[in-house]
Amino acid sequence: MFDKSNMGFGGLRRIVDAEMKDVHATGVTNTKAEKKAVTDEEENYLIYNRYFELSRSMRDNLLFFNIDEPTGEEKEDTTEIILALLEDKLEIPNARNKDKEDVLRNTKKLRGTRIGVQDQFPEEIERERKKLYPIMKEARQAGKHVRLACDKLYIDRHLYRPINS
């Protein structure tokens, strides 16, 4: 009937609600259909809760890109590599006790390097952000003030809205 994998909770919820209205509008009760609708609604609720918990668990995470991996016999301890980066390149003393905002405030010190740092987002939001990157780059090259907040793009402090949406 529909592909649940590409649809967010809101879309699934609207479909279930529409089907429930159709069932009630006919005046005929079909316990099998009602049970299926309740089961689908419960499943949607569980999917939403899993998505919500995943989003919450990602809230405080940062992703680091293009960090040189240890060579030879050096031991790979990711935590120590990240802490060394924060203390050496970002000049954050006692980096182990700093929060995400402290790190993000200092990422401008990484300009001119290949190293990147960004918030971690759920896959659905990452897909939306990916669509906005080319527009963001173009606006930045045009000298405009650009900010990407979650899955919203602001150009010169105005929310960007694609023409076709």
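Residues numbered from 1 in each chain as written. Predicted model: local features only at pLDDT ≥ 70, side-chain atom pairs only at ≥ 80, totals over all residues. Heavy atoms only, no water.

## Observations concerning the layout of surface pockets
Let me state the cut-off plainly: Cavity means a closed set of points on a 1 Å grid over the protein atoms alone, one where a 1.4 Å probe fits but cannot get out, pocket means an open set with protein on both sides within 12 Å along at least 5 of 7 lines, and lining means a residue has an atom within 4 Å of a point. Grid points are joined across faces, edges and corners, and a volume is the space filled by probe spheres set on the points. Only runs of H or I of at least four residues qualify as helices and only runs of E of at least two qualify as strands under DSSP, and these elements are numbered from the N terminus. Three classes are used: nonpolar for Ala, Val, Leu, Ile, Met, Phe, Trp, Tyr, Cys and Pro, charged for Asp, Glu, Lys and Arg, and polar for all others, with Gly counted as polar. Here the limits of each domain have been adopted from an automatic or database domain assignment.
Quantified by volume, the largest pocket comes out at close to 930 Å³. Forming the walls of the largest pocket are 24 residues, and the residues nearest its centre are Leu104, Thr107, Val117, Gln118 and Arg140. Contributions of two or more residues to the lining of the largest pocket are made by helix H4 (100-105), strand S2 (116-119), helix H5 (123-141) and strand S3 (146-149). Taken together, the residues that form the lining of the largest pocket break down as 12 nonpolar, five polar and seven charged. Residue assignment places the lining of the largest pocket across two domains, with domain 2 (62-119) and domain 3 (123-159) each supplying three or more.

## Some remarks on the sheet that holds strand S5 (residues 158-159)
Here is the rule: A pair of strands is considered paired only if DSSP assigns at least 2 bridges between the two. In this description, contact between two residues means that some pair of their heavy atoms is separated by no more than 4.5 Å. Working convention: axes come from line fits to C-alpha atoms, limited for helices to the stretch in contact. Angles between N-to-C directions cover 0 to 180 degrees.
Judged by pairing direction, the sheet is antiparallel, and its three strands sit side by side in the order S3-S4-S5 without closing on themselves. Looking at strand neighbours, the two that pair on one side only are S3 and S5, the edges of this open sheet. Examined bridge by bridge, S3 and strand S4 (residues 152-155) share four bridges and lie antiparallel to one another. When the bridges of S4 are listed, Leu148 appears paired with Leu153. Relative to the sheet, H5 contacts S3 and S4, its axis offset from that of S3 by approximately 165°.

## Some words on the pairing of S3
Stated precisely, the cut-off is as follows: Relative accessible area decides the class of each residue, using a 1.4 Å probe on protein chains only: under 20% of the type maximum gives buried, over 50% gives exposed, and in between gives partly exposed.
Alternating positions in S3 separate cleanly, Val146 and Leu148 being buried on one face and Arg147 and Ala149 remaining unburied on the opposite face. Counting the residues between successive antiparallel strands, the hairpin from S3 to S4 contains two residues, one of them, Cys150, with a positive phi of roughly 60°.

## Quick word on unusual backbone geometry
Not every positive phi belongs to a glycine, and Glu91 is a case in point at roughly 55°. Mapping Glu91 onto the fold places it in the loop between helix H3 (78-88) and H4. Positive phi, close to 60°, is recorded for Cys150, a residue that is not glycine. In this structure, Cys150 sits in the loop between S3 and S4.

## Some points on the nonpolar core
In plain terms, the rule: Nine residue types can take part in a nonpolar core, namely buried Ala, Val, Leu, Ile, Met, Phe, Trp, Tyr and Cys, and a core is a set of them joined through side-chain atoms within 4.5 Å.
Judged by nonpolar contacts, Leu62, Ile82, Leu83, Leu85, Leu86, Leu90, Ile92, Ala95, Val103, Leu110, Ile115 and Val117 together constitute the single largest core of 12 residues. With near-sequence residues (within four places) excluded, Ile92 lies in contact with Leu86, Glu87, Lys98, Asp102, Val103 and Asn106. Membership of the second largest hydrophobic core comes to seven residues, among which are Leu132, Met136, Leu148 and Leu153.

## Describing the environment of Asn94
Relative to the assigned elements, Asn94 resides in the loop between H3 and H4. Overall, the relative accessible area of 47% leaves Asn94 in the partly exposed class. Along the primary structure Asn94 and Leu83 are separated by 11 residues, whereas in three dimensions their C-alpha atoms are 8.6 Å apart.

## Looking at the confidence of the model for the protein
Condition: What pLDDT conveys is the predictor's confidence in a given residue, as a value from 0 to 100.
Per-residue confidence for the protein gives a mean pLDDT of 78; residues scoring 70 or more make up 70%. Note on residues 1-6: pLDDT is under 50 here. Beyond four places in sequence and across chains, it has six contacts.

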